[in-house]
Amino acid sequence: MITPSEISGLSQRILAGDARAIARAATLAENQPAAMEALRTALSAHAGRAMTIGITGPPGSGKSTLVDQLTQALRNEGKTVGIIAVDPSSPFSHGAILGDRIRMQRHYEDAGVFIRSMASRGRAGGVAEGARDVALVLDAAGSDVVLIETVGVGQQEVEISQIADVTVLVLSPGLGDDVQAMKAGIMEIADVFAINKSDMPGAERLEQEIRMMQSLGTEDERARAAPVRPIVASEGTGVADLLTAIRSVHKSSK
Ligand SMILES: Nc1nc2c(ncn2[C@@H]2O[C@H](COP(=O)(O)OP(=O)(O)O)[C@@H](O)[C@H]2O)c(=O)[nH]1
Ligand SMILES: [Mg+2]
């Protein structure tokens, strides 16, 4: 059990941006929902400043590569970044392939970036709830932007999209996932579409399919249609443009 005075001490250190305190709180968020409740109360008054961006999409679409590039772009602006990877195969966690690990190393060594991986299942109270708590901790600790990567396969992503201020759906050609066949719910959570691997055949067609789907909406839906941006995440191409689209969606949602 964690005592009230421990909670108070921990929250003070989190507010000061202490990385070890943040890690401790993230562990509480995953394993001890009851202790987290007290901490949540202590931190809530100090949160609400960060922009939270959900990055979701099918496995292999390039989410982690995009998170890496967005992090770099934000760091170049001097912004601090918190990353939550809810994906067991993420390069941010143990399933990393060597190249991705090396690429991410610069962020692990950067005091302006905090990276936390979460198991995609098993948490009492649900993964989305755990991610929400870790996002709160990172926000209170002073992160300017919190990025949450999840694999876009189901209800969990819908829940996580509700935590995020802006949800980016990353799609790419060549994964065999027909847009029409994708669950309607997953398409609907997109505030911004990132068409990744635009260096590959089929990317233009994928973009057209999404625009076609959007054109079938009502007049009101068409007016609010999510921006669609082609990117090549592995090269960083289009990432600045995507970030601009994310920010404009965020601004208009306030
Ligand atoms: N050709 C191409 N490959 C990419 C691009 N972005 C990512 N990849 C590759 O796609 C694979 C999956 O990327 P990853 O970011 O791990 O996808 P995730 O599973 O969605 O997180 C990796 O081998 C990346 O190097 C891109 O824009 N073009
Ligand atoms: Mg990944």
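The structure contained in this document is the topic of the report that follows. Computed from a predicted model, the values in this text were never measured in an experiment.

## What about the overall build of the protein chain?
Right, on to step 1. Helix and strand content of the protein chain: 11 helices and 7 strands.
Right, on to step 2. Of the contacts made within the protein chain by residues no fewer than 6 positions apart, 75% connect residues no fewer than 24 positions apart.
Right, on to step 3. With an accessible surface of roughly 12000 Å², the protein chain has 51% of that area assigned to carbon and sulfur atoms.

## A word on the site of ligand 1
Right, on to step 1. The environment of ligand 1 is made up of 16 residues, and the closest members are Gly-60, Gly-62, Lys-63, Thr-65 and Asp-199.
Right, on to step 2. At a separation of 2.9 Å, an oxygen atom of ligand 1 approaches a polar backbone atom of Gly-62.
Right, on to step 3. By residue number, the principal contributor to the shell around ligand 1 is helix 4 (residues 63-76), which donates 3 residues.
Right, on to step 4. For the shell around ligand 1, a count of residues per class yields 5 nonpolar, 7 polar and 4 charged.

## Remarks on the coordination of the magnesium ion (ligand 2)
Right, on to step 1. Donor atoms from the polypeptide that bind the magnesium ion (ligand 2) are Ser-64 (OG) and Glu-149 (OE), placed at 2.1 to 2.2 Å. With a gap of 85 residues between them, Ser-64 in helix 4 and Glu-149 in strand 4 (residues 145-151) connect regions that are remote in the sequence. Of the two residues, Ser-64 and Glu-149, neither departs from the other in class, the shared state being buried.

## Digging into the pattern of salt bridges
Right, on to step 1. The tally for this structure, following the rule as stated, stands at 10 salt bridges.
Right, on to step 2. For Asp-133, the salt bridge identified is with Arg-40, shortest N-O distance 2.8 Å. Here Asp-133, found in helix 6 (residues 127-140), pairs with Arg-40, found in helix 3 (residues 33-44); they are 93 residues apart in sequence, far enough to count as distant.
Right, on to step 3. When its relative accessible area of 1% is taken as the criterion, Asp-133 is described as buried.
Right, on to step 4. A relative accessible area of 25% places Arg-40 in the partly exposed class.

The rules behind the values
Residues numbered from 1 in each chain as written. Chains lettered and ligands numbered in written order. Predicted model: local features only at pLDDT ≥ 70, side-chain atom pairs only at ≥ 80, totals over all residues. Heavy atoms only, no water. Helix = DSSP H or I, 4+ residues; strand = E, 2+ residues; numbered from the N terminus. Contact = heavy atoms within 4.5 Å. Areas by Shrake-Rupley, 256 points an atom, 1.4 Å probe, with all protein chains shown as cover. Near = heavy atom within 4 Å. Polar contact = N/O pair within 3.5 Å; in protein donor to acceptor, adjacent residues only side chain to side chain. Nonpolar A, V, L, I, M, F, W, Y, C, P; charged D, E, K, R; others polar. Donors = N, O, S within 2.8 Å, 3.2 Å for Na, K, Ca; no water. Buried < 20%, exposed > 50% of the residue type's maximum accessible area, 1.4 Å probe, protein only. Salt bridge = Lys/Arg side-chain N within 4 Å of Asp/Glu carboxyl O.

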